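Per-entry structural report
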Amino acid sequence: MREKFIIAFLFLVINIGFSQTKESKEIEQKIDIYIQNVIAINEIPGAALAVIKDGKVIYEKYYGKASLEENKKVDKNTIFKIFSTSKLMTTVGVFQLIERGKLSLEDPISKYLDNLPIEWQEIKVKNLLTHSSGLPNIVMFSDIPIQAPYKERIAILAKKPMDFATGNEYRYNQTNYLFLAKIIEKISGFTFDEYLIQSQFSDVKWGVYLSSNFGEPHSNAAERYNFNRETDSYQKSVLDNGIDSHSANGMNITLDEFIQWNQNLDNNLYLKNETKIKMWEPFQFKNKYDFGYGWGIYSINNIHSYGFSGGNETAFRKFPKNNLTVIFLSNGHKYSGVQDQVINHVAGIVDKSLFDEYAITDEKLTFDFLKLDINKALNNYRTIKKKHPDWNFEERLNAIGYTLLSSKKTKDAIKVFELNTQENPKSGNSFDSLAEGYFYSKEFEISKKYYIKSLELSPDNTNAKQMLAKNRFFIG
């Protein structure tokens, strides 16, 4: 009997192991097919993707080119610019100081920063983290040179009006993270770069560095590419945001080191678990908005995830309830950023509770209109709507139309905009977009008609008013 039990047990273990291996292979293959399609359709130069499930890396792969000019492949050693995803590291650095009792969310920023206007002085640290400060956004003003000294830049910024009353709303703003960096420096006695490396990357020998100068050469760094529609080709970005931008967009990191950073975060090496939970709590905006303390809050099937995206190229997302983390890094795109849809799609492949049929279909529409003949894509859309008449794709169709318009497929763009007005006959925005399509097609009388229609539906449509005021552009 004992031998039969052992044999049965071993048979069960073998079957479970085989089943798990088969399932893992199926997941890997599905992700492979999906990512390859995304890269091909959007003509992404290079990318890397990692999936961490239950503390284990179940997927880590590299695609395409780190450098088109040098024909250099993306691999484990490739360092990616992660743009605004860098804010996650800065946020963790802030909460490390909070844990040590050196800083409080309720501290007014004037406790650490000098020479602030009176209306800025009672803004709190929590308002910087949640983008609820109302401060003027320093990157929006052409009269504030990037390379000018910090004090000089702030003196100019101090003369600009507040965007809104502090705490009223969420508005993404680089001034917030500039001030967080200066507060970190004031408390720690280190430069921001020194503090961040020491507090989160002290054991890293290479594979991590800080720079907001995209044109700066660095060993193993992937180039950042912008697509030029005039030449129909990629061009290297040489944008330099300056050293004061490191806290907002300066992290450069390999996927491997990003995976390690995530593991350290999971293992509470950076912060206690209760501190992480605090970071992910939604801030109470007066106008109601879902955003935590430096972390975006996202929902799929009523399951919350936390993270951030950067540069329309990179994204990091944690699904604590599912013990799942997805990291996507890339260095360019031809049409539009796909980082968030990649995260959501891959999460749905790995964990069925995160599968969102509407979101997957919404994404497929873009693939169809970019890849297929316009009439075939329109037919596919109608088939979807016949099956799901209650689904609304107004925002997606509008985005697709503008993508086609920017790709100089004006006639196709107009067909998509026309479809959107048929589907959403009471949307002033959809008629505004259709008017713009005809304007670019130089069919000015038709364009004028639809701008008027847009204004009838949305009397506050500033764009339509401005376009109609440009009578010289219209015939008749």
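Our subject in this report is the structure included herewith. (Residues numbered from 1 in each chain as written. Predicted model: local features only at pLDDT ≥ 70, side-chain atom pairs only at ≥ 80, totals over all residues. Heavy atoms only, no water.)

Check the secondary structure of the protein chain and you find 17 helices and twelve strands. Computed over its C-alpha atoms, the radius of gyration of the protein chain comes to 25 Å, within 12% of the 23 Å expected for a compact globule of 476 residues. Taking the principal axes of the C-alpha coordinates as reference, the protein chain spans close to 90 × 70 × 50 Å. A burial count over the protein chain gives 51% of its 476 residues as buried. The long-range share in the protein chain, meaning contacts at least 24 apart out of those at least 6 apart in sequence, stands at 64%. (Helix = DSSP H or I, 4+ residues; strand = E, 2+ residues; numbered from the N terminus. Rg over C-alpha atoms; globule rule 2.2 N^0.38 Å. Buried < 20%, exposed > 50% of the residue type's maximum accessible area, 1.4 Å probe, protein only. Contact = heavy atoms within 4.5 Å.)

Another point: the nonpolar core. M89, F179, M251, F258, W261, W295 and I327 are the most contacted members of the largest nonpolar core, which has 67 residues in total. Tallying contributions element by element places helix 5 (residues 174-188) first for this core, with seven residues. In this view, M251 contacts F80, K81, I82, F83, S86, M89, L196, F201, V208, Y209, L210 and H246; residues no more than four positions away in its chain are not counted. (Core = buried A, V, L, I, M, F, W, Y, C linked by side-chain atoms within 4.5 Å.)

Backbone-to-backbone hydrogen bonds pair the strands of a sheet. The strands run either parallel or antiparallel. Spatial strand order, 3-2-1-12-11-10-9: seven strands in an open sheet with antiparallel pairing. Each edge of the sheet is formed by a strand with only one pairing partner; in this case those strands are strand 3 (72-73) and strand 9 (296-300). Across two bridges, strand 2 (residues 56-67) lies against strand 3 in antiparallel orientation. Within strand 3, the position partnered with S67 by the bridge is K72. With respect to the sheet, helix 8 (residues 255-266) is in contact with strand 1 (46-53), strand 2, strand 11 (314-319) and strand 12 (324-330), its orientation differing from that of strand 2 by roughly 150°. Its contacts with the sheet put helix 10 (residues 339-350) on strand 1, strand 2, strand 9, strand 10 (303-310), strand 11 and strand 12, and the angle it makes with strand 11 is roughly 35°. (Pairing = 2+ DSSP bridges. Axes fitted to C-alpha atoms, helices over the stretch in contact; angles between N-to-C directions.)

If you walk through the whole model with that rule in mind, you get 23 salt bridges. A salt bridge links D244 to R153; its shortest N-O distance comes to 3.3 Å. Taken together, the residues D244 in the loop between strand 7 (233-236) and helix 7 (246-249) and R153 in helix 4 (residues 150-157) connect sequence positions 91 residues apart. The shortest N-O distance in the salt bridge between K236 and E223 comes to 3.5 Å. Note that K236 is positioned in strand 7 and E223 in the loop between strand 5 (208-210) and strand 6 (225-228), a separation of 13 residues in sequence. Where salt bridges share partners, they join R153, K182, E185 and D244 into one cluster. (Salt bridge = Lys/Arg side-chain N within 4 Å of Asp/Glu carboxyl O.)

Roughly 670 Å³ of volume is contained in the largest pocket. Around the largest pocket, the lining is made up of 33 residues, and of these D340, Q341, N344, D362 and R396 lie nearest the centre. Looking at the lining of the largest pocket, the elements with two or more residues in it are strand 9, helix 10, helix 11 (357-371) and helix 13 (394-406). Element by element, the count of residues in the lining of the largest pocket is highest for helix 11, at eight residues. Of the residues that constitute the lining of the largest pocket, the class distribution is 13 nonpolar, twelve polar and eight charged. (1 Å grid on protein atoms, 1.4 Å probe; cavity = no way out; pocket = protein on both sides within 12 Å on 5 of 7 lines; lining within 4 Å. Points joined across faces, edges and corners; volume = space filled by probe spheres on them. Nonpolar A, V, L, I, M, F, W, Y, C, P; charged D, E, K, R; others polar.)

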